[in-house]
Structures are given as structure tokens and as C-alpha cells.
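Listed below are the residues making up each chain.
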Amino acid sequence: QVQLVESGGGLVQAGGSLRLSCAASGRTFSPYTMGWFRQAPGKEREFVAAIRWSGRIKYYAESVKGRFTISRDDAKTTVYLQMNSLMPEDTALYVCATHRAAYGLGFDPADFGFWGQGTQVTVSS
């Protein structure tokens, strides 16, 4: 059974930084696209960032481009999300996910088969 465990969330002032981690277990890590999504109260889950199996190709939501960086360490089976210049509108539950298929391409939530429980990020103004 695939398990994803996020950590690193917390309360931070606007302009601050946080680094989220997501440790994966239960299947081979390296062939799968990994993604971060977030969900704020009363809003739908939205895509934040994803990183392909190679680690060289990354995608970001427009709202976080230039501020967030996704990375992965296949040896540690962990994906990271470095978040800088945080804004109050970044407040959400951040959830890590792994793609359904090895070498899968889509970024819709339906393309991701396993999800973590999430880590809360709260940005105060």
C-alpha cells in the first residue's frame, strides 16, 4: 500500500518561507510524477506543482511561479516544496500525491492515485 506523509507546515508571517516534505513508501518511487495540491476552506482542491520522474521537468500553477520550487530526492523517496514570499492567499491544506501510472503525464487530481493527509500552512498578514 502506497503511503504519503507530509510535514513542514505551520504558521508563518507574510513574506516568510516554509519547506514542505512528503515521504513516500509502498512502491518504487522513481518512475512516478509527484505533485502538490492545496485546498483552502470552502474552495476546491487546486494544483500547485508537479515534478516528473526525471526530476528535470517541473510544472507550477501561475499563482506560485517564481515563489515555490518543487524538488525530489529519489534516494530518500521524498518530494519537497520550498515556498518563499508566502502570502495570506497561500493559506491552505497542502497535500502530496503520486501519479496513478508510471511515467504518467496528466496534472488533473484524477490522474493522481494516492494522496497524503496533508499539512496545514497558515500565512498571517
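Structure: above.
Residues numbered from 1 in each chain as written. Predicted model: local features only at pLDDT ≥ 70, side-chain atom pairs only at ≥ 80, totals over all residues. Heavy atoms only, no water.

### Comments concerning the pairing of strand β11 (residues 119-124)
Phase 1: Only one face of β11 is buried: it carries T119, V121 and V123, and the other face, with Q120, T122 and S124, is open.
Phase 2: Pairing of strand β9 (residues 92-99) with β11, which is carried by three bridges, proceeds in the antiparallel orientation. By the bridge assignment, L93 is partnered in β11 with Q120. (Buried < 20%, exposed > 50% of the residue type's maximum accessible area, 1.4 Å probe, protein only. Helix = DSSP H or I, 4+ residues; strand = E, 2+ residues; numbered from the N terminus. Pairing = 2+ DSSP bridges.)

### Topic: the pairing of strand β1 (residues 3-7)
Two faces belong to every sheet, and in a regular strand the side chains alternate between them.
Phase 1: The alternating pattern of β1 places L4 and E6 on a buried face and Q3, V5 and S7 on a face that is not buried.
Phase 2: As paired strands, β1 and strand β3 (residues 18-25) are joined by five bridges and run antiparallel to one another. In the sheet register, L4 faces β3, and the bridge partner there is A24.

### Topic: the sheet that holds strand β7 (residues 68-73)
Phase 1: Strand order in the open sheet formed by four strands is β1-β3-β8-β7, with antiparallel pairing between adjacent strands. In the strand order of this sheet, the two ends are held by β1 and β7, each with one partner. Averaged over neighbouring strand pairs, the angle between their axes works out to 15 degrees when direction is ignored.
Phase 2: Judged from the six bridges that link them, β3 and strand β8 (residues 78-83) form a sheet pairing that is antiparallel. (Axes fitted to C-alpha atoms, helices over the stretch in contact; angles between N-to-C directions.)

### What to know about the nonpolar core
Phase 1: Within the largest apolar cluster, 32 residues are counted, with the highest numbers of intra-cluster contacts made by W36, V48, F68, V79, L81, M83 and Y94.
Phase 2: Mapped by element, the contributors of at least two residues to this core are β3, β4 (34-39), β5 (46-51), β7, β8, β9 and β11.
Phase 3: Counting residues per element, this core draws most heavily on β5, at five residues.
Phase 4: Setting aside residues up to four positions removed in sequence, L81 forms contacts with L18, R19, L20, W36, V48, A49, F68, T69, I70 and Y94. (Core = buried A, V, L, I, M, F, W, Y, C linked by side-chain atoms within 4.5 Å. Contact = heavy atoms within 4.5 Å.)

### Digging into the side chain of D90
Phase 1: Inspection of the secondary structure puts D90 in the loop between β8 and β9.
Phase 2: The contacts of D90, once residues within four sequence positions are left out, are R38, R67, F68, S85, V121 and V123.

### Here's the deal with the packing of aromatic side chains
Phase 1: A complete count under the given rule lists seven aromatic pairs for this structure.
Phase 2: Ring geometry for F37 versus F112: centroids 5.1 Å apart, planes at 80 degrees, classification edge-to-face. With F37 in strand β4 and F112 in strand β10 (residues 112-115), this residue pair connects regions lying 75 residues apart in the sequence. The same class applies to F37 and to F112, which are both buried. (Phe/Tyr/Trp six-rings, centres within 6.5 Å; stacked < 30°, edge-to-face > 60°.)

### Some remarks on empty space enclosed by the protein
Phase 1: Scanning all chains against the criterion turns up one cavity of 30 Å³ or more.
Phase 2: V2, L4, A24, S25, R27, T28, F29, Y32, M34 and T98 together form the lining of the largest cavity.
Phase 3: Across the lining of the largest cavity, the residue classes break down as six nonpolar, three polar and one charged. (1 Å grid on protein atoms, 1.4 Å probe; cavity = no way out; pocket = protein on both sides within 12 Å on 5 of 7 lines; lining within 4 Å. Points joined across faces, edges and corners; volume = space filled by probe spheres on them. Nonpolar A, V, L, I, M, F, W, Y, C, P; charged D, E, K, R; others polar.)

### Observations concerning the pattern of salt bridges
Phase 1: Summed over all chains, the structure comprises five salt bridges.
Phase 2: Here R72 makes a salt bridge to D74, at a shortest N to O gap of 2.8 Å.
Phase 3: Each of R38, E46, R67 and D90 takes part in salt bridges that share partners, so that together they form one network. (Salt bridge = Lys/Arg side-chain N within 4 Å of Asp/Glu carboxyl O.)

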